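Chain and residue survey
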Amino acid sequence: MPRKTLRNISLLALSTLPDLTLAGQPTPSDYLDSQPLLLEIRYCECQATEPDGDPADVLPEFLDDSRVLRVGAVTTEHSNFVASRELSMGYEISPVEKPSGSFQLTYASEYTTRDGNLAGQGTLVLEAGQWVSLFESHHQTKAGAKHAGVAIRLVDQSSSQ
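These notes cover the structure that comes with them. (Residues numbered from 1 in each chain as written. Predicted model: local features only at pLDDT ≥ 70, side-chain atom pairs only at ≥ 80, totals over all residues. Heavy atoms only, no water.)

A closer look at the state of the cysteines
Joining two cysteines, a disulfide is a covalent bond between their sulfur atoms. Keep this limit in mind: Cysteine sulfur atoms that pair up within 2.5 Å are treated as a disulfide. Throughout this description, buried means an accessible area under 20% of the type-specific maximum (1.4 Å probe, protein chains only), exposed means over 50%, and partly exposed covers the range between.
Evaluation of the coordinates by the stated rule reveals one disulfide. For Cys44, the disulfide goes to Cys46, at an S-S distance of 2.1 Å. Between Cys44 and Cys46 the disulfide shows an S-S torsion of about 135 degrees. By sign, it is right-handed. This pair shows no difference in class: Cys44 is buried, exactly as Cys46 is.

A look at the side chain of Thr49
Our working definition: Each helix corresponds to a stretch of at least 4 residues labelled H or I by DSSP, and each strand to a stretch of at least 2 residues labelled E; elements are numbered beginning at the N terminus. In protein, a polar contact means a hydrogen-donor-capable atom and an acceptor-capable atom, both N or O and within 3.5 Å, with residues adjacent in sequence counting only if both atoms are side-chain atoms; elsewhere, any N or O pair within 3.5 Å suffices. By definition in these notes, contact holds between two residues if any of their heavy atoms fall within 4.5 Å.
By secondary structure assignment, the location of Thr49 is in the loop between β1 (37-44) and α3 (60-65). Within the structure, Thr49 has its side chain in polar contact with the side chain of Glu136 (distance 2.4 Å). Dropping the residues within four chain positions of it, Thr49 is found in contact with Asp54, Pro55, Asp57, Val58, Leu59, Ser133, Glu136 and His138.

Some details on a negative patch on the surface
We apply this condition: Patch membership requires over 30% relative accessible area and the absence of a salt bridge. Like charges are linked within 9 Å, and nonpolar side chains (Val, Leu, Ile, Met, Phe, Trp, Tyr) within 5 Å. Shrake-Rupley sampling with a 1.4 Å probe provides the accessible areas, and residues are treated as covered by the protein chains on show and by no other component. Any carboxyl oxygen of Asp or Glu within 4 Å of a side-chain nitrogen of Lys or Arg constitutes a salt bridge here. Asp and Glu are treated as the negative residues and Lys and Arg as the positive ones, with His and the ends of the chain left uncounted. A charged residue contributes its charge at one atom only: NZ of Lys, CZ of Arg, CG of Asp or CD of Glu.
Taken together, Glu50, Asp52, Glu61, Asp64 and Asp65 make up a surface patch of like negative charges. Assignment of secondary structure puts Glu50 in the loop between β1 and α3.

Thoughts on the sheet that holds strand β6 (residues 116-127)
Which entries qualify depends on this criterion: Two strands pair under a simple rule: DSSP has to find at least two bridges between them. Orientation is described by axes fitted as lines to C-alpha atoms, over the contacting stretch for helices, and by angles from 0 to 180 degrees between their N-to-C directions.
Pairing within the open sheet is antiparallel, and its four strands lie in the order β3-β4-β5-β6. Of all the strands in the sheet, just β3 (80-83) and β6 have a single pairing partner and so form its edges. On average, each strand axis in the sheet is tilted by 15 degrees relative to the strand beside it, whichever way the strands run. Direction of pairing for strand β5 (residues 102-113) relative to β6: antiparallel, over a ladder of twelve bridges. Counterpart to Glu110 in the pairing with β6 is Ala119.

This is the structure:
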């Protein structure tokens with residue numbers, strides 16, 4: 001008799017198990033909300049990418065010479081704003097389904113240089129950890145070529161990038 005009771009209890013427990021395990025697949029929002037993401041913004045009065053290069057091919061010299069703003073705890077709950085003396089940027093970040101680990105960034109930014117102001121706005125998709133040049137300027141003066149640029153990436157703080 002105890003064996004039959006144990007079997008009935010086991011069957012009852014197993015019959016409720018699918019209800020517990022079918023909670024649904026995680027969404028991109030779940031990923032963004034659970035990951036410690038850091039927004040890293042770099043800006044410099046120097047060349048960020050090659051003139052005809054890919055926006056993701058940020059030059060090592062730009063990364064070495066640029067100033068940096070880091071914003072931790074990036075969320076999707078509301079629009080965000082960050083500013084320094086030279087750079088201001090309003091932005092919104094939201095996860096996208098594909099490719100996995102990618103995010104849509106909508107931004108409007110202004111960078112004040114010694115020679116004037118640069119501004120950029122738009123929407124783009126970022127892969128976590130990948131640099132993207134938001135906007136840059138190249139112009140020739142009597143003193144030589146002048147460059148300025150702004151680049152950005154999202155970093156997962158739980159991994160070393």
